[in-house]
Amino acid sequence: MTNLDQLNTPALVLDRAKLTRNIKRMNDRAKSLGVSLRPHMKTAKSADVARLVFDGESGPITVSTVREAEYFLDHGFSDIFIAVGTTPEKIMRIQARSQPDADIRLAVDGPAMAAYIATACKDQTIQARFMIEVDCGAHRGGVDAASDELLETAKALSEGDLTIAGVFTHGGQSYDCTSTEEIRSVARTEHQAIITAAQRLRDAGYDCPVVSLGSTPTATFAEDLSGVTDMRPGIYMIQDLQQAGLGVCQMDDLALSVLTTVIGLHADRNEALIDAGGLALSKDRGASINNPDPGYGLVCTLGGDVLDNLYVIGVSQEHGRITTLDGRPLPQDPLKPGTRLRILTNHGCMTAAAHDLYNVVEGGTQITDQWDRVNGW
């Protein structure tokens, strides 16, 4: 294998030692809470990463797209939950690729979508089971746990001869928290919503074997998950600046970075130019609630050490602009044209999605492996 200083830039770098440590921490956390871990692979999108979660084997996973499901089926994973609302076309597509012994679960957002799917698939044999999405306060998708719509969704699925597997929710509002106690509060709300939904379905005569929740922040700080069967965190594997800002992890836990090269130095505006822009880093500013705001990423040496007081202040499609957090003049030596740097980014899911593989290192600059990843829908 080659060294990071020999790669074309920009390129995606994954530190296996940090990745492994992050994975073990969440595995231990799930065990301590008495729930199964169904990791959300929409972040890593890699079978090599998924196998690390399961000690080299396959296991139950969550994905976001049919393309991800197809990829993981091809790599020996057969217990898959696609946690984004589906359509009849996607149902037929995944069923065509699925094996007879596969356990595929699909998400449904509410009664209108459930009725539409039931009608559109009435002449089809659907092997997949359906999970009803519950809105626990993130207000992205799903029905309120106490609403009539929950039971209406179950009724529409049942009358359409579609099997109900259970309920799921996502405490996405935890990403807007500013303290650990706020995250714990969201985790309690998330927990109460999903066990309420499950009990209401059971009281109405519907089976509800699966009770699923999870975001990385709430999975990290939840205190009680009684009545829950599995949790679905994802970004915990690689972590990012947003999670560090939330207090979910430490800076040393960030396993993902983008390798870049200094392609210009502009002392007149106190900026260095790099060849990693919005497409390589993403334009996600989710960590902007941090103090100080890390902009579009923090700057590291080629070896991964954070360079104090430097951040990516702006990006265009293929350009990034580095300056100092406090306005002091840029240090010249670490930013000479041609210098290789690594950028820690705000939202690992969005950043990684722009790249087709991981250049794996073990805490240094020597590439020990290259792992593929899947993109697309």
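Structure first, text after, so check above.
Everything numeric here is computed off the predicted structure, so don't read it as measured data.

1. Focus: the pattern of salt bridges
Using the criterion set out here, one finds 23 salt bridges in the structure. The partner of R25 in a salt bridge is D253, with the nearest N and O atoms 3.5 Å apart. Of the two residues, R25 is situated in helix α1 (residues 16-33) and D253 in the loop between α9 (241-246) and β11 (256-266); the sequence distance between them amounts to 228 residues. When its relative accessible area of 7% is taken as the criterion, D253 is described as buried. Measuring nitrogen to oxygen at the nearest pair gives 3.0 Å for the salt bridge that ties R188 to E223. Taken together, the residues R188 in helix α7 (residues 180-203) and E223 in the loop between α8 (216-221) and β10 (230-231) connect sequence positions 35 residues apart. Taking relative accessible area as the criterion, R188 reaches 41% and is therefore assigned partly exposed.

2. Examining the packing of aromatic side chains
In total, this model carries three aromatic pairs according to the counting rule given. Consider the rings of Y71 and F72, whose centres lie 4.9 Å apart with planes at 85 degrees: the pair is edge-to-face. With a relative accessible area of 5%, Y71 lands in the buried category. Ring geometry for F81 and F168: centres 4.9 Å apart, planes at 80 degrees, overall edge-to-face. Placement of the pair is F81 in strand β4 (residues 79-85) and F168 in strand β8 (residues 164-169), with a sequence separation of 87 residues. Look at F81 and you get buried, because its relative accessible area is 1%. Chaining the aromatic ring pairs together yields one cluster made of Y71, F72 and F77. The cationic tip of R285 hangs over the ring face of Y296; the distance from NZ or CZ to the ring centre is 4.9 Å.

3. Quick notes on empty space enclosed by the protein
Considering all chains together, one arrives at two cavities of 30 Å³ or more under this definition. By volume, the largest cavity amounts to about 60 Å³. Taken together, E133, V134, D135, C136, A138, R140, G141, T169 and H170 form the lining of the largest cavity. In terms of residues, the lining of the largest cavity owes the most to one element, strand β6 (residues 129-135), which gives three residues. For the lining of the largest cavity, the per-class residue count stands at three nonpolar, three polar and three charged. Estimates place the volume of the second largest cavity at around 30 Å³. Lining the second largest cavity we find A187, E190, L213, T218, A219, A222, L225 and M231.

4. Regarding helix α5 (residues 111-120)
Turning to α5, its buried residues are P111, A114, I117 and A118. Down the axis of α5, the buried side of the element spans an arc of 130 degrees, and every buried residue falls inside it. Relative to its buried face, α5 has exposed residues pointing more than 90 degrees away, namely A112 and T119. Residues of α5 that are buried in the fold lie against α4 (88-97), β5 (103-108), β6, β7 (143-144) and α6 (148-159).

5. Some words on α7
In this model α7 runs 35 Å from its N-terminal to its C-terminal C-alpha over 24 residues, within 8% of the 34 Å that 1.5 Å per residue would give. Within α7, the full set of buried residues consists of I183, V186, A187, E190, H191, A193, I194, A197, A198 and L201. For α7, the secondary structure elements touched by its buried residues are β6, α6, β8, β9 (210-213), α8 and α9.

6. Some details on the side chain of T324
In this structure, T324 sits in strand β15 (residues 320-324). Engagement of the side chain of T324 in a polar contact is seen with the backbone nitrogen of G327, the distance being 3.2 Å. When residues no more than four places from it in sequence are discounted, the contact partners of T324 are N270, N309, L310, Y311, P329, L330 and P331.

7. Thoughts on the pairing of strand β12 (residues 271-274)
The alternating pattern of β12 places E271 and L273 and A272 and I274 on opposite faces, both of which are buried. Sheet topology places β11 next to β12; four bridges connect them, and they run antiparallel. Across the sheet, residue L265 finds its bridge partner in β12, namely A272. Counting the residues in the hairpin turn of β11 and β12 gives four residues, including N270, whose phi is positive at 55 degrees. Across three bridges, β12 lies against β15 in antiparallel orientation. The partner of I274 across the bridge, within β15, is G320.

8. A word on the layout of surface pockets
As a volume, the largest pocket reaches approximately 950 Å³. Around the largest pocket, the lining is made up of 40 residues, and of these H40, K42, S64, V84 and R140 lie nearest the centre. Counting only elements with at least two residues in the lining of the largest pocket, the list comes to α3 (66-74), β4 and α11 (348-352). Considering each element in turn, the lining of the largest pocket owes the most residues, four residues, to β4. Each residue belonging to the lining of the largest pocket can be placed in one class, and the counts come to 13 nonpolar, 18 polar and nine charged.

Quick notes on the rules
Residues numbered from 1 in each chain as written. Predicted model: local features only at pLDDT ≥ 70, side-chain atom pairs only at ≥ 80, totals over all residues. Heavy atoms only, no water. Salt bridge = Lys/Arg side-chain N within 4 Å of Asp/Glu carboxyl O. Helix = DSSP H or I, 4+ residues; strand = E, 2+ residues; numbered from the N terminus. Buried < 20%, exposed > 50% of the residue type's maximum accessible area, 1.4 Å probe, protein only. Phe/Tyr/Trp six-rings, centres within 6.5 Å; stacked < 30°, edge-to-face > 60°. Lys NZ or Arg CZ within 6 Å of the ring centre and 35° of its normal. 1 Å grid on protein atoms, 1.4 Å probe; cavity = no way out; pocket = protein on both sides within 12 Å on 5 of 7 lines; lining within 4 Å. Points joined across faces, edges and corners; volume = space filled by probe spheres on them. Nonpolar A, V, L, I, M, F, W, Y, C, P; charged D, E, K, R; others polar. Arc of directions from axis to C-beta. Contact = heavy atoms within 4.5 Å. Expected span 1.5 Å × (residues − 1). Polar contact = N/O pair within 3.5 Å; in protein donor to acceptor, adjacent residues only side chain to side chain. Pairing = 2+ DSSP bridges.

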